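Commentary on secondary and tertiary structure
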Amino acid sequence: MTEYDRRAGEKLAALKRGQAAKVLAIETSCDETAAAVVENGRRVLSSAVHTQIPLHVPYGGVVPEIASRSHVQKIGPVVQRALEQAGMSLAQMDAVAVTNGPGLVGALLVGLSYAKGLAYAAGLPFLGVHHIASHIAANYLTYAELEPPFTCLVVSGGHSHIIAVEAYDRYRLIGRTRDDAAGEAFDKVARVLDLPYPGGPNLEKLALSGDPMKYTFHSAFNEGDGFDFSFSGIKTAVVNRLHNARQTGEKIDPADLAASFQRTVVDILTEKAVRAALLERGKTGGKLALAGGVSANKALRGALEKRSAEAGVAFYCPAFEYCTDNAAMVGAAAYGKLREGCVDDFSLNAIPYLSIEA
């Protein structure tokens, strides 16, 4: 047994006996360099985030190589800031957790390598955390009383899933996108409307002044009884409508187009998510959570809250600061693994397309 194995084993044994767990968490899956200290999966002692948005604005989207280089430059200072905000040192942590997938492989490797070094140096248990599981766990930071099982709609730039959260570290996929994720469709429509990066939030702002019933975008696939999504056709219909108008000289209010597109996507997400929550009610007691970067969209939050209330479903969504990528959600997800005594060794690798199902 190595010295690291001995020290990490002692920490894990103490946690199993019920000692409070302070997790240093790291997130670098895309374009946010983040670190946080989270106690017992619920209490955020610190949360530091460095955003790369200004770096990627000139390119209209995230450039993987630029993202990786920025993570290398910022991860040390960001981790140090998180520890200082918590008023603690690395030696006072009980575990180190990091996102190991899915995401941009170069970006993931920066955080993973740094976290391994910290864990080894301090003799702390080391955990890799699934990015989607982290987004789901962001709800625990807002609702201390929330416990699995529940149904969760995860919507972001890269993911659109309906997931049955059966336990803290056990998930079952109910539905997913067949093509573009909802956030990806938002970004692509925003680009056609000449909106700056990041497209999704800017499209939401534009939609506030538009008529959501002005245009209808039909989607036969999404009208079925299943729980999978398809947003590529809706995106293409919006793009074609705008191009045809420009070719014929027809005047189209971009705000109306944005509002109608947003309403279509929100209606699809809401209908399927609430229907899934009702289907799972016998197992979950009728609980529906929202997660992912697009969970910050107020139109989506409002529609889900309204429809859930009408259906008798309890609705949860994370505070706005935990919607987009952050490390506090990683710490919340890691605690669920720690409770089960699940840790990883240093052979853990970054997996860009990591599945959330076992």
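This write-up is about the structure you can find in this document. (Residues numbered from 1 in each chain as written. Predicted model: local features only at pLDDT ≥ 70, side-chain atom pairs only at ≥ 80, totals over all residues. Heavy atoms only, no water.)

Closest axis-to-axis distance for the helix H8 (residues 232-248)/helix H9 (residues 254-279) pair is 11 Å, and the angle between their directions is 165°. As judged from the angle between their axes, H8 and H9 are roughly antiparallel. With respect to the hand of their crossing, H8 and H9 are arranged in right-handed fashion. Side by side, H8 and H9 meet where Ile234, Val238, Arg241 and Leu242 of the first sit next to Leu257, Phe261, Thr264 and Ile268 of the second. When grouped by side-chain class, the residues that make up the contact of H8 with H9 number six nonpolar, one polar and one charged. (Axes fitted to C-alpha atoms, helices over the stretch in contact; angles between N-to-C directions. Helix = DSSP H or I, 4+ residues; strand = E, 2+ residues; numbered from the N terminus. Parallel < 35°, antiparallel > 145°, perpendicular 65-115°, else oblique. Left-handed = near helix turned anticlockwise from the far one by under 90°. Contact = heavy atoms within 4.5 Å. Nonpolar A, V, L, I, M, F, W, Y, C, P; charged D, E, K, R; others polar.)

Where empty space is left becomes clear once a probe the size of a water molecule has been rolled over the atoms. In this structure, the second largest pocket occupies an estimated 360 Å³ of space. Lining of the second largest pocket is provided by 19 residues; of these, His130, Asp169, Lys337, Ser355 and Ile356 occupy positions nearest its centre. Elements represented by at least two residues in the lining of the second largest pocket include exactly strand E5 (126-130), strand E8 (170-176) and helix H12 (328-339). The leading source of residues in the lining of the second largest pocket is E5, at three residues. Each residue belonging to the lining of the second largest pocket can be placed in one class, and the counts come to ten nonpolar, four polar and five charged. (1 Å grid on protein atoms, 1.4 Å probe; cavity = no way out; pocket = protein on both sides within 12 Å on 5 of 7 lines; lining within 4 Å. Points joined across faces, edges and corners; volume = space filled by probe spheres on them.)

This brings us to the packing of aromatic side chains. Each aromatic ring pair is described using two quantities: the centre-to-centre distance and the angle formed by the ring planes. Scanning all chains against the criterion turns up nine aromatic pairs. With a centroid separation of 4.9 Å and an interplanar angle of 45°, the aromatic rings of Tyr4 and Phe346 are classed as tilted. Placement of the pair is Tyr4 in helix H1 (residues 3-16) and Phe346 in the segment after H12, with a sequence separation of 342 residues. Given the relative accessible area of 13%, Tyr4 is considered buried. Chaining the aromatic ring pairs together yields one cluster made of Tyr4, Tyr120, Phe126 and Phe346. The cationic tip of Arg301 hangs over the ring face of Phe320; the distance from NZ or CZ to the ring centre is 4.0 Å. (Phe/Tyr/Trp six-rings, centres within 6.5 Å; stacked < 30°, edge-to-face > 60°. Buried < 20%, exposed > 50% of the residue type's maximum accessible area, 1.4 Å probe, protein only. Lys NZ or Arg CZ within 6 Å of the ring centre and 35° of its normal.)

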